[in-house]
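Per-entry structural report
Listed below are the residues making up each chain.
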Amino acid sequence: MTRGLRRGHRLIWAVLFPVAAILLAVALLSRPEPPLMDEIPAERAGAAEAVTVTEDPPSEDEGP
């Protein structure tokens, strides 16, 4: 009984380990590249403060 379990576990790991290794390699290789920083973060923060967002006034068709 013990030999049968050991053989089964060896067979499972012989299949699962290569599959898991391939999936891990694919996941690592297909991850997106980090964005390039082409401007200083302080300048970006200042530019964000300069831009103001305005909301459209409610249309007359909509109720209160």
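Whatever comes next refers back to the structure up there.
My aim in this report is to walk through the structure given alongside it, one point at a time. (Residues numbered from 1 in each chain as written. Predicted model: local features only at pLDDT ≥ 70, side-chain atom pairs only at ≥ 80, totals over all residues. Heavy atoms only, no water.)

Attention now moves to the overall build of the protein. The helix and strand inventory of the protein stands at two helices and zero strands. When burial is assessed residue by residue, the protein has 0% of its 64 residues classed as buried. Roughly 6,800 Å² of accessible area belongs to the protein as shown, and the carbon and sulfur atoms make up 65% of that amount. (Helix = DSSP H or I, 4+ residues; strand = E, 2+ residues; numbered from the N terminus. Buried < 20%, exposed > 50% of the residue type's maximum accessible area, 1.4 Å probe, protein only. Areas by Shrake-Rupley, 256 points an atom, 1.4 Å probe, with all protein chains shown as cover.)

The next subject is a nonpolar patch on the surface. On the surface, a nonpolar cluster with roughly 390 Å² of combined accessible area is contributed by Leu11, Val15, Val19 and Leu23. Here Leu23 is to be found in helix 1 (residues 2-29). (Patch = residues over 30% accessible without salt bridge, like charges linked within 9 Å, V, L, I, M, F, W, Y side chains within 5 Å. Salt bridge = Lys/Arg side-chain N within 4 Å of Asp/Glu carboxyl O.)

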